[in-house]
Amino acid sequence: MTGPDGVLTGLAVARRVSTGQVSAVDFAAQALARLHEVDPVVRAFTAVRPRAEVLADAAAVDRAVAAGQELPLAGVPIGVKASQALGHRYVRRLVAAGAVPVGFTSIPTRAVPWQTWGHTDRGPTRNPHRPDLTPGGSSAGSGAAVAMGAVPVATGSDGAGSVRIPAAWCGLVGVKPTAGTLPAGRFAEHGCLTRTVGDAWTYLDVVSAGAFGRTSGPDRPGLTRLVWSADLGYADVDPEIADLAHSALRRLAAVADLTRVDVQVCLLDPRDSWLARREAGAAADSVSPQIVRDQELLRDLLDGRTVLATPTTPNRPHGHAARARPTRWP
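Below is a short write-up of the structure. The model shown is predicted, which means the values in this text are computed figures rather than measured ones.

### A short note on the overall build of the protein
- Broken down by element type, the protein carries 10 helices and 11 strands.
- Put simply, the protein has 330 residues, and 45% of those count as buried.
- Summarising the internal contacts of the protein: among those between residues at least 6 apart in sequence, 68% fall at separations of at least 24.
- Looking at the protein as shown, the accessible area adds up to about 16,000 Å², and 55% of this sits on carbon and sulfur atoms.

### Digging into the packing of helix 4 (residues 89–96) against helix 7 (residues 197–207)
- Helix 7 packs onto helix 4 with a crossing angle of 110 degrees between their chain directions and a minimal axis gap of 8 Å. Overall, the two elements helix 4 and helix 7 adopt an arrangement that is roughly perpendicular. Viewed along their axes, helix 4 and helix 7 form a crossing whose handedness is right-handed. Contact residues: helix 4 offers Tyr90, Arg93 and Leu94, while helix 7 offers Tyr203, Val206 and Val207.
- Of the residues in the contact of helix 4 with helix 7, the class split is 5 nonpolar, no polar and 1 charged.

### Side note on the nonpolar core
- Counting 57 residues, the largest nonpolar core has Val17, Phe45, Val61, Leu94, Val102 and Leu204 as the members making the most contacts within it.
- For this core, the leading source of residues is helix 2 (residues 24–42), giving 8 residues.
- Excluding anything up to four places from it in sequence, Leu94 contacts Leu73, Ile78, Ala99, Thr155, Tyr203, Val206 and Val207.

### Considering the sheet that holds strand 10 (residues 259–260)
- In space, the 3 strands of this open sheet follow the order 10-9-11, with parallel pairing throughout. Each edge of the open sheet carries a strand with a single partner, namely strand 10 and strand 11 (306–309).
- Across 4 bridges, strand 9 (residues 225–228) lies against strand 11 in parallel orientation. Its bridge partner lying in strand 11, Arg225 is registered against Thr306.
- Each of strand 9, strand 10 and strand 11 touches helix 8 (residues 239–256); the most contacted strand, strand 9, lies at about 175 degrees to it.

### Some details on the pattern of salt bridges
- Evaluated as defined, the whole model comprises 12 salt bridges.
- Of the charged contacts in the structure, one is a salt bridge between Arg130 and Asp132, with a shortest N-O distance of 2.8 Å.
- On the basis of relative accessibility, which here comes to 37%, the residue Arg130 falls in the partly exposed class.
- Classification of Asp132 by relative accessible area gives partly exposed; the value is 41%.

### Structural notes on the pairing of strand 3 (residues 100–105)
- Counting buried positions along strand 3 gives 6 out of 6 residues, so the element sits mostly inside the fold.
- Pairing analysis gives 3 bridges linking strand 1 (residues 45–48) to strand 3, with the strands arranged antiparallel. Each bridged residue has a counterpart across the sheet, and for Val48 the counterpart in strand 3 is Gly103.
- Looking at chain direction, strand 2 (residues 77–81) and strand 3 are connected through 5 bridges and run parallel. Bridge pairing links Ile78 to Pro101 in strand 3.
- Since strand 2 and strand 3 lie parallel, the crossover through helix 4 that links them has a hand, and here it is right-handed.

### Digging into the packing of helix 2 against helix 3 (residues 51–66)
- Contact geometry for helix 2 and helix 3: axes closest at 7 Å, N-to-C directions at 150 degrees. When the interaxial angle is binned, helix 2 and helix 3 end up roughly antiparallel. Seen along the crossing, helix 2 lies across helix 3 with a hand that is right-handed. Of the residues in helix 3, those touching helix 2 at Ala24, Val25, Ala28, Ala29 and Leu32 are Arg51, Val54, Leu55, Ala58, Ala59, Val61 and Asp62.

### Let's talk about the sheet that holds strand 6 (residues 153–158)
- Strand order in the open sheet made by the 6 strands is 1-3-2-6-8-7, with mixed pairing throughout. Pairing within the sheet leaves two strands with one partner each, and these edge strands are strand 1 and strand 7 (173–175). Neighbour-to-neighbour, the strand axes of this sheet turn through a mean angle of 30 degrees, independent of strand direction.
- Two strands pair when backbone bridges link them, and strand 2 and strand 6 are joined in this way by 2 bridges, in the parallel orientation. By the bridge assignment, Ile78 is partnered in strand 6 with Val153.

About the thresholds
Residues numbered from 1 in each chain as written. Predicted model: local features only at pLDDT ≥ 70, side-chain atom pairs only at ≥ 80, totals over all residues. Heavy atoms only, no water. Helix = DSSP H or I, 4+ residues; strand = E, 2+ residues; numbered from the N terminus. Buried < 20%, exposed > 50% of the residue type's maximum accessible area, 1.4 Å probe, protein only. Contact = heavy atoms within 4.5 Å. Areas by Shrake-Rupley, 256 points an atom, 1.4 Å probe, with all protein chains shown as cover. Axes fitted to C-alpha atoms, helices over the stretch in contact; angles between N-to-C directions. Parallel < 35°, antiparallel > 145°, perpendicular 65-115°, else oblique. Left-handed = near helix turned anticlockwise from the far one by under 90°. Nonpolar A, V, L, I, M, F, W, Y, C, P; charged D, E, K, R; others polar. Core = buried A, V, L, I, M, F, W, Y, C linked by side-chain atoms within 4.5 Å. Pairing = 2+ DSSP bridges. Salt bridge = Lys/Arg side-chain N within 4 Å of Asp/Glu carboxyl O. Right-handed = clockwise from strand over helix to strand, strands pointing away.

Below is the structure:
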């Protein structure tokens, strides 16, 4: 199994390690070699774990596999978002499932409110597809690390696009679980960046201790309806972005056998309310009338059978000097 760019997926790595075709140590060494080759240019990582530690962790996976343990992420090299740590509860679950962390991926500084870029002591994180542009953020390094082929999977967290923006701007699969699916922080959900849906599904099933996989099955109704909204009623969306997303959605709908339903989605812009709650921190116990109204509308719309599809981001990626907020290319 390979991703769309021909690089092995996480599931392919796990299968080869689990069947003894390739050792976890070999995959870890390959990941470190790729990282040291490309990262001086891309700057996806703020720190790389010592080679001896990485290979020791990989050797432990090989021993576990030899002893008969079934590890869904056996030998899969991963990047860990720098705002997390090896002791983070979900990182521990990934390691227990056989993943091998190779380093910590860049995040922005707190100098600006719009966190769509990554910071390292060597300079800003670059988009592997277009080094003159940002990969998005705040899970900037995680997106860049997966896109540059150093790791097939990287951790992320998302409160207002921090996984989804780098996924869109780096051409990846990014998942922010529905709030409450995983115990998380007050304003961000734990997610991931991968090349394939299969890797993302496995990742989330591991960190949820199997709960994520139980969200679907024969006892739950399938998704049958599709609602498209280019702007949710308030966003200023680049027309080319909207057209591209809509075109992709039509192909997906045909494959998934979803019936298009014309519903006008008119939400209120939650930006100011969300920022106010974030600034209030632990004191933010109340929810604004705007957010309550949006939640009620979405609750009625998303009935368990309906998919609401939108462009992931309203804009193209910006250059490294445009750190204040995303802007269109000239």
